[in-house]
Amino acid sequence: VDTGVTTDFSLLETVVWALSRVDTESSDAASSAFALVLDRLDRTRAIEDYDRIPDAVGHLPFDRLGDDRTVIAANLALAHDMYEVVAPLAHLVRAGHVQTILLASGLATHPGVPPVLKDLVIEHAEALGGPLRDLALSRLDPLHEPSTPAAIVDRGARWFDRSNAFPTVAPVVVVDPSAGPARDRWRLIGELHSAGVIVKRLPHEVWQEPTPGWLPRSALTVTAETTSRRGRWLATGGSLTRSMRRRVAEAAFAHIDASPFNLPPQPIGVERLESVATYEIFTAGAIPNSEVQFFADISHSTLSKAAKAFGELAPRPGLSLNYWAFSQLVALRAARYLARIAADQHKRVAIAELASEMLRLTQEHQEVPFGVTSDGSVVADRDGVLVNLKTGQQAMGDVVSLVDRIYEPIILSERTVPGLLRPTKLTRVHPGIAAGLPTIVGTRIPARAIGAALRDARNSKMADPYEAVLDAYPDLEDVDYVRDAENLDRRILATS
Amino acid sequence: VNVLVDAAIPDSVTRANAAGVRVARWTEGEVDDEELVNEAKRMGFDAVVVIGRAMLGDGRLARAARESSIALIATVTTDPLEAATYLAARLVSIRNRVQPGEVWLLRSDQLEQLDTV
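Residues numbered from 1 in each chain as written. Chains lettered and ligands numbered in written order. Predicted model: local features only at pLDDT ≥ 70, side-chain atom pairs only at ≥ 80, totals over all residues. Heavy atoms only, no water.

Engineer: Give a description of the overall build of chain B that names residues and reports values.
Structural biologist: Helix and strand content of chain B: four helices and six strands. Written out in order from the N terminus, the α and β elements of chain B read β-β-α-β-α-β-α-α-β-β. Classification of the 117 residues of chain B by burial places 59% in the buried group. In chain B, the share of contacts with a sequence separation of at least 24, taken over all contacts with a separation of at least 6, comes to 58%. Accessible surface, chain B as shown: approximately 4,600 Å² in total, 42% of it carbon and sulfur. (Helix = DSSP H or I, 4+ residues; strand = E, 2+ residues; numbered from the N terminus. Buried < 20%, exposed > 50% of the residue type's maximum accessible area, 1.4 Å probe, protein only. Contact = heavy atoms within 4.5 Å. Areas by Shrake-Rupley, 256 points an atom, 1.4 Å probe, with all protein chains shown as cover.)

Next up, the structure:
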């Protein structure tokens, strides 16, 4: 069979070219042709090819129901995570195409595939009835008990530790699909694929479980657990570097034969906050009042009111109200900012109440733009519709400001409040590091610890307090770090 | 007993002496709280000491310690020099009393076990 593959012709382009020329009257020949193409893609796959997939898949010919090309393309998607085929596949599932429903049931549990496909498969699998229904549901859910031999074998091939049929040669990486831009997930998966890793998606049913029973002990899970019951973060932000993605693959290989393996075994989310192009969920952290007052520029009494207004999302139960989650700090900072803008419109807004609404937005798994309209109403963008947060009704006024840079330095009452993630040149804030206290970059040393150490050195009449601190913290490279941390410590002290 | 202190505590604490206790300070850079515990376990430490009770505030650190079967000790003081001093004075107590997976508060005058965090 001549597939037209040449060395200077992109494999992906070859696939698209070949798909467009399949003679549906000679399906055997078509299958042979695509077997060759897929084999070539398998052997030479490179991340550059994955980069081209979105454009290439857009040209795949899904034009006829029951066309062999549908099956080929879906198999291609299964083998190479070409999730852009989801839309046309969903169309065919809706049309009740049996073979597509079965194919989609396998694809629906892959990372990056929108949950809508799974819902569709469930809906239409019911109509299939009998063994086919059982087969589809077994593919979707590792906890589903299959009743037919075919479904039992199929489940064993798809879900680890089920019938012991899952291949043990390649390492397994499970990707939590609950958050993170699809494209970032997909790039991660592409790299893992090219490293030879088997990538699986954590089904929606088991998001809540820290260690699903069906996971093999040696599986590496790319996730970062939060304190929220809403699930976990996928530890793939836009800033996840290529080397970090490689690190995941290396870890997977390193643990292929490992015995008990805790989740998350290889947290890689530390860099996540560096790329806050979108509004994220951060419920970790235990930040004292003083830092919250500093970063949100609010008074102690407003903090007390906010603690009451937050209701079920109030600061940590069982602990002093002095500790705030990072998401609460973000909510307070956003509320403070919006209140200032509303005040410019001659409208008073209660910061604590507003912060409570903001906090609920931070619990969501996607970016929620919000702002203030010309009549002073605070609104959130819900699927393109601006909704008044207080009334739940569609807002009618013109939006005068949408907050999209809440982490950047902003002007609040009478001063510019520093950026939340990088308050100074040499310090940073991450809710997972030192419980969210500002720390010196590249270290776990809180800026305020350096401030305290400097005060101790001065109280002890040290000749050179800065040198004394450098001696106490030999991992600090030079005095610039000490001076920068001291500066931040002073400003926080002055605010509180 | 091998004790790892967080980077917030001055390096002088590593010179503290007590029979059967080795103290090291975290100098491996910027890792998150859970990673600190996991790395400590991997490196063979029996306990991790962090500064300030806020470190127990969101429960992630304590949970990681329990899951890794490593003891977690938080100083009540947030002053690093005080933390180093109090820790040096309680090394024998830590050696004798602290068990894997337990969470303790280090006060100026005593070591107190926490049942819940």
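Engineer: Describe the overall build of chain A, and please don't skip the residues or the numbers.
Structural biologist: In terms of regular secondary structure, chain A is built from 18 helices and 13 strands. In chain A, which comprises 496 residues, the share counted as buried stands at 56%. Of the contacts made within chain A by residues no fewer than 6 positions apart, 65% connect residues no fewer than 24 positions apart. Taken as a whole, chain A presents about 21,100 Å² of accessible surface, with 50% of it coming from carbon and sulfur.

Engineer: Break down the packing of aromatic side chains for me, citing the residues and quoting the values.
Structural biologist: Residues and elements named next belong to chain A. Tallying each qualifying case throughout the model produces one aromatic pair over all chains. Taken together, a centroid distance of 5.0 Å and an interplanar angle of 70 degrees make the contact between Phe294 and Phe295 edge-to-face. Judged by its relative accessible area of 1%, Phe294 is buried. In this structure, Arg483 packs its charged tip against the face of Tyr466, placed 4.2 Å from the ring centre. (Phe/Tyr/Trp six-rings, centres within 6.5 Å; stacked < 30°, edge-to-face > 60°. Lys NZ or Arg CZ within 6 Å of the ring centre and 35° of its normal.)

Engineer: I'd like a description of the pairing of strand E1 (residues 172-175) of chain A, backed by residues and values.
Structural biologist: All names here are of chain A. Residues Val172 and Val174 point to one face of E1 and Val173 and Val175 to the other, with burial holding for every one of them. Bridging between E1 and strand E2 (residues 198-201) involves four bridges; their strand directions are parallel. Bridging across to E2, Val173 finds its partner in Val199. (Pairing = 2+ DSSP bridges.)

Engineer: Tell me what's going on with the environment of Val469 of chain A, and back it up with residues and numbers.
Structural biologist: Residue and element names in this part refer to chain A. With respect to the element layout, Val469 can be found in helix H17 (residues 465-472). C-alpha of Val469 to C-alpha of Arg455: the two residues are 14 residues apart in sequence and 9.9 Å apart in space. Not counting residues up to four positions away in its chain, the partners in contact with Val469 are Ile450, Ala453, Leu454 and Val482.

Engineer: Quick one: what's the story with the side chain of Thr424 of chain A, residue by residue and with numbers?
Structural biologist: Residue and element names in this part refer to chain A. Of note, Thr424 is situated in the loop between strand E11 (416-417) and strand E12 (427-428). For Thr424, a relative accessible area of 9% corresponds to the buried category. In terms of polar contacts, Thr424 uses its side chain to reach the side chain of Thr427, at 2.5 Å. The contact partners of Thr424, leaving out residues within four places of it in the chain, are Asp484, Leu488 and Arg491. (Polar contact = N/O pair within 3.5 Å; in protein donor to acceptor, adjacent residues only side chain to side chain.)

Engineer: Could you give me a rundown of the nonpolar core, with the residues and numbers involved?
Structural biologist: The biggest cluster of nonpolar side chains holds 115 residues, and the ones touching the most others in it are Leu332, Met358, Ile450, Tyr473 and Leu476 of chain A together with Leu72 and Ile73 of chain B. For this core, the element with the most residues is helix H14 (residues 326-344) of chain A, which contributes 12 residues. For Tyr473 of chain A, the residues in contact, after removing those within four places along its chain, are Ile445, Ala449, Ile450 and Ala453 of chain A together with Ala7, Ala8, Ile9, Pro10, Arg25 and Pro80 of chain B. The next biggest cluster of nonpolar side chains, apart from the first, holds 14 residues, and it includes Val113, Leu120, Val121 and Leu140 of chain A. (Core = buried A, V, L, I, M, F, W, Y, C linked by side-chain atoms within 4.5 Å.)

Engineer: Outline the side chain of Thr302 of chain A, listing residues and values.
Structural biologist: Mapped onto the secondary structure, Thr302 of chain A falls in helix H13 (residues 300-309). Setting aside residues up to four positions removed in sequence, Thr302 of chain A forms contacts with Ile351 and Ala352 of chain A.

Engineer: Describe the interface of chain B and chain A, with residues and values.
Structural biologist: It is common to give the size of an interface as the accessible area lost on bringing the parts into contact. The interface is formed by 28 residues belonging to chain B together with 36 residues belonging to chain A. Taking both sides of the interface into account, the surface hidden between chain B and chain A amounts to around 2,600 Å²; carbon and sulfur atoms contribute 52%. On the chain B side of the interface with chain A, the three residues burying the most area are Glu30, Ala54 and Asp58 of chain B, jointly 23% of the side's total. There are four salt bridges connecting chain B and chain A. (Buried area = accessible area lost by both parts, 1.4 Å probe. Salt bridge = Lys/Arg side-chain N within 4 Å of Asp/Glu carboxyl O.)

Engineer: A description of the confidence of the model for chain A should follow, citing residues and the corresponding values.
Structural biologist: Residue and element names in this part refer to chain A. On average, chain A scores 69 in pLDDT, and the residues at 70 or more come to 52%. Across chain A, the element-wise mean pLDDT spans from 36 in strand E5 (residues 232-233) up to 95 in helix H16 (residues 447-459). Low pLDDT (under 50) marks residues 257-281, which in the prediction has 80 contacts with non-local residues, meaning those over four places away or in another chain. (pLDDT = per-residue confidence, 0-100.)

Engineer: Break down the pattern of salt bridges for me, citing the residues and quoting the values.
Structural biologist: Throughout the structure, instances matching the rule amount to 13 salt bridges over all chains. As a salt-bridge pair, Glu30 of chain B and Arg428 of chain A come within 2.9 Å of each other at their nearest N and O atoms. Placement of Glu30 of chain B in the loop between strand E2 (22-25) and helix H1 (33-42) and of Arg428 of chain A in strand E12 is noted, with the two residues assigned to different chains. With relative accessibility at 2%, the residue Arg428 of chain A sits in the buried group. Residue Arg444 of chain A pairs with Asp33 of chain B through a salt bridge whose shortest N-O separation is 2.8 Å. Of the two residues, Arg444 of chain A is situated in the loop between strand E13 (439-440) and H16 and Asp33 of chain B in helix H1; the pairing between them involves two chains. With a relative accessible area of 2%, Asp33 of chain B lands in the buried category.

Engineer: Account for helix H12 (residues 289-296) of chain A, naming residues and giving values.
Structural biologist: Residues and elements named next belong to chain A. A large share of H12 lies buried, amounting to eight of its eight residues. Within H12 the residues assigned to the buried category are Asn289, Ser290, Glu291, Val292, Gln293, Phe294, Phe295 and Ala296. The inward-facing, buried residues of H12 abut H13, H14, E11, H16 and helix H18 (479-495). At the C-terminal side of H12, Asp297 shows a positive phi close to 55 degrees.

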